[in-house]
Amino acid sequence: MCLLLCVQVDVCGYPLSIFFIVVNEFCERFSYYGMRAVLVLYFRYFLKWDDDLATSIYHTFIALCYLTPILGAIVADSWLGKFKTIVYLSIVYTVGQVVMAVSAIHDITDTDRDGTPDNMTFHVAMSMVGLFLIALGTGGIKPCVAAFGGDQFEDHQEKQRSTFFSIFYLSINAGSLLSTVITPILRGQECGIHSQQKCYPLAFGVPAALMVVALIVFIMGSGMYNKTAPKGNIMLEVCKCIGFAIKNRFRHRSKTFPKREHWMDWAHEKYDKLLVAQVKMVLKVLFLYIPLPMFWTLFDQQGSRWTLQATTMDGNFVRTVNPILILALVPIMDSLVYPLIKKCHLNFTPLKRMTVGMLIAALAFVAAALLQLQIDVSIYSIYTHTPPHTHTPPHTHTYSIYTHTPPHTHIHIVYIHIHTHIHPPHTHTYSIYTHTHTHTPPPHTYIVYIHIHTHIHPPTHTYIYGGASCLYSKELGFGSAFTLVIPSTFNIGIPDCWQAIQVVEDIKPNTIHMGWQIPQYFLMTAGEVVFSVTGLEFSYSQAPSNMKSVLQAGWLFTVAVGNIIVLIVAEAAQLPDQWAEYILFASLLAVVCIVFAVMSYFYTYTDPAEIEAQFSQPEHEPEEKKRDRVEMERKDSDCSKSSKGSDKKKRDSVVEQHNQDVKQSKM
């Protein structure tokens, strides 16, 4: 039932309130994934962190985002309710996004106006505060928004509720898709007060603005929402039940106490049998979750290692493949692949699907390793290149240009000034050898401009700057090496003098296009669809009716642990080659996959509704529970070091108390 201020309005059989919830989710997901799309690049090229530190902080942030949902669920169910929790934590979320945008303004500390912040500590501190607030906000509202949307439907609107969750999932992927396209474009712009730099403030500012919109839209629907009051957190109840069972089992570890079928049966003295049975079902599924974090260890490196890999390649390929493939593969799997497997009479159970999904994800990292080998060969050839000229001609100046960026994403200008010195009564001409090399690149394009000037030297050897000039320009492809030769016949005074400059291409530009990442993205997305979607379905089907949120929190927790594993493995392995790290992660997932397959083989599927039905008549349960408690107290008294006489008195007292309890229960 709605509160007094709630006005239930239906449109085509759907509550109008869900419109505000869907729009809120779209804007929030745009805000989150948009910020995340350029986060590792911000670490790498604005804060000037190396690849390892940028990757570590990135995965720490992701892990925190998936740990805070537990806190959000407890606050919503036990204290504030879903609506207030979403509003309050969305405010925290918005503040965090604004702080991130402010932290990326280089002009704040750029006192010498050279385009580089002079107080990097300020920017790092602001970034960490912003990311912490974002993690608290996005994680805290994560378990609340979808459930709050489901609360808007009545019992007879089960079909509409199912459709809502499909639309809700679509809004998530739509927000993710658009943000991963738009935010990198915004970052590619140049902005600044004193100097023009990569526009990280805009890339973070637009997601902040979308979060403001999300908050406003959600509050606008306040009068239409069905706001259920908090009824206590089942997650806390489950934890208390497990804790009591462990404590009680430890207290009665003596052989004088008979063993029980399941260790959770030691909670019967305090908790009813239905709750204990439900906890058993939850623990049975949570046990299967133990190997799952390894999948997320590989999956979330799409935003760190794979993004850094893309910066060493050519092209404009961005991380839009994953959401596009999700939207395409989900219906293909459900409507074509799974029915086809079923027609072949193959028992492709959910746990078998998840096992296959993990194997596919491992293959994705094998593909990433093979691609990395090709990239390394290309870069290695640049560093080991020997120019074709074995000697330096007299009066020759050699200039080296180091391009730190792949082409076609941003233009950075390099100027080289070549001065020809005229010494009366004779003139010398000079040759120039310009070699371009590349290092690990941020996304820029370098165009070299060469100015050739003449300087007249009178007999006094003082410089008189003047005369003619010649401008030569050439776009440098990433990975290229070439030589520019100014011949002795070069005449600086004629029009189109630059045409006389000879270009010798020593090494061709890197031709490995970012599109070659598509196979690994396809494999990873296919693994995600088979693993993640099936895992959620499996968890839902095996969870008791009132503990689905517990398993949802457990599922999100595996994502957090997976990101923590990235930090541990990357720091512990310290592999010199990136391709070797990819192979290491693929091997670890393959081993874990085998372990999960063995665990799945011994798993027995259950029907929670059927088990719960066995406890649908609990009228005799209180008396049974008291009888168990009396028996346990009697055995405790037997094990005490009291005298036999005192033991008898205690037993008599216990029995008498039990009889009184039974009488009171019958009254």
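Residues numbered from 1 in each chain as written. Predicted model: local features only at pLDDT ≥ 70, side-chain atom pairs only at ≥ 80, totals over all residues. Heavy atoms only, no water.

1. Description of the overall build of the protein chain
Under the convention used in this document: Helix and strand definitions follow DSSP, with helices as H or I runs of at least four residues and strands as E runs of at least two, each counted in order from the N terminus. Contacts are assigned to residue pairs with any non-hydrogen atoms lying within 4.5 Å of each other. Every accessible area reported is derived by Shrake-Rupley at a probe size of 1.4 Å, with residue values counting cover from the shown protein chains alone.
Tallying secondary structure elements over the protein chain gives 19 helices and twelve strands in all. Sequence-distant contacts, at least 24 apart, represent 81% of the contacts inside the protein chain between residues at least 6 apart. Element-wise, carbon and sulfur atoms account for 64% of the exposed surface of the protein chain, whose accessible area totals about 32,300 Å².

2. A look at the nonpolar core
Worth spelling out the cut-off: Buried Ala, Val, Leu, Ile, Met, Phe, Trp, Tyr and Cys residues form a nonpolar core when they are joined through side-chain atoms within 4.5 Å. We call a residue buried when its accessible area falls under 20% of the maximum for its residue type, exposed when it is over 50%, and partly exposed in between, using a 1.4 Å probe and counting protein chains only.
Counting residues in hydrophobic clusters, the biggest one holds 124 residues, and the most contacted among them are L39, Y42, F43, F61 and F204. A per-element tally of this core places helix α13 (residues 350-383) first, with ten residues. The contact partners of F204, leaving out residues within four places of it in the chain, are M35, V38, L39, Y42, Q97, M100, A101 and A104.

3. Re the environment of A229
Mapped onto the elements, A229 comes out in the loop between α7 (200-220) and α8 (234-251). A C-alpha to C-alpha distance of 8.9 Å links A229 and W79, two positions 150 residues apart in sequence.

4. Digging into the pattern of salt bridges
We apply this condition: We count a salt bridge whenever a side-chain nitrogen from Lys or Arg sits within 4 Å of a carboxyl oxygen from Asp or Glu.
Using the criterion set out here, one finds eight salt bridges in the structure. Among the ionic pairs, K280 bridges to D265, the shortest N-O distance being 2.6 Å. Of this pair, K280 sits in helix α9 (residues 273-288) while D265 sits in the loop between α8 and α9, and the two are 15 residues apart along the sequence. Owing to a relative accessible area of 25%, K280 belongs among the partly exposed residues under this scheme. The closest approach of N and O atoms between R305 and E581, which form a salt bridge, is 3.0 Å. A residue pair is termed long-range when its members are at least 10 positions apart, and R305 in helix α11 (residues 305-310) and E581 in helix α16 (residues 578-601) qualify at 276 residues. A single salt-bridge network, built from bridges that share partners, covers D52, R305 and E581.

5. What about the packing of aromatic side chains?
The way to describe two aromatic rings as a pair is by their centre distance and the angle between their planes. This is how it is decided: Each Phe, Tyr or Trp ring, with Trp reduced to its six-membered ring, pairs with another whose centre is within 6.5 Å; inter-plane angles below 30 degrees give stacked pairs, above 60 give edge-to-face pairs, and intermediate values give tilted ones.
Per the counting criterion, the structure on display carries 36 aromatic pairs. For the ring pair Y32 and Y33, a centre distance of 5.1 Å and an interplane angle of 75° mean the geometry is edge-to-face. By relative accessible area, which is 1% here, Y32 ends up buried. Between F295 and W296 the ring centres are 5.1 Å apart and the planes differ by 85°, which places this aromatic pair in the edge-to-face class.

6. Focus: the confidence of the model for the protein chain
Test applied: pLDDT runs from 0 to 100 and stands for how confident the predictor is about each residue.
For the protein chain, per-residue confidence averages 77 on the pLDDT scale, and 74% of positions sit at 70 or higher. For residues 1-5, every residue scores under 50 in pLDDT, and the model assigns this stretch six contacts once sequence neighbours within four places are set aside. Ignoring residues within four places in sequence, the model shows residues 646-651, a span with pLDDT below 50, making nine contacts including any to other chains.

7. Details of unusual backbone geometry
In this structure, K48 is a non-glycine residue whose phi angle is positive, near 65°. Residue placement: K48 occurs in the loop between α2 (39-45) and α3 (51-80). One non-glycine residue, H345, lies in the positive phi region at around 60°. In this structure, H345 sits in the loop between α12 (321-343) and α13. On the basis of relative accessible area, H345 is assigned to the exposed category, the value being 74%.

8. Considering helix α5 (residues 120-150)
Keep this limit in mind: A helix is expected to reach a length of 1.5 Å times the quantity of its residues less one. The angle between axes fitted to the seven residues ending at a residue and the seven residues starting there is what we call the bend at that residue.
For α5, spanning 31 residues, the distance from its first C-alpha to its last is 45 Å, which sits close to the expected 45 Å at 1.5 Å a residue. The sharpest bend along α5 measures roughly 40° and falls at K142, with the proline P143 sitting one to four residues further on.

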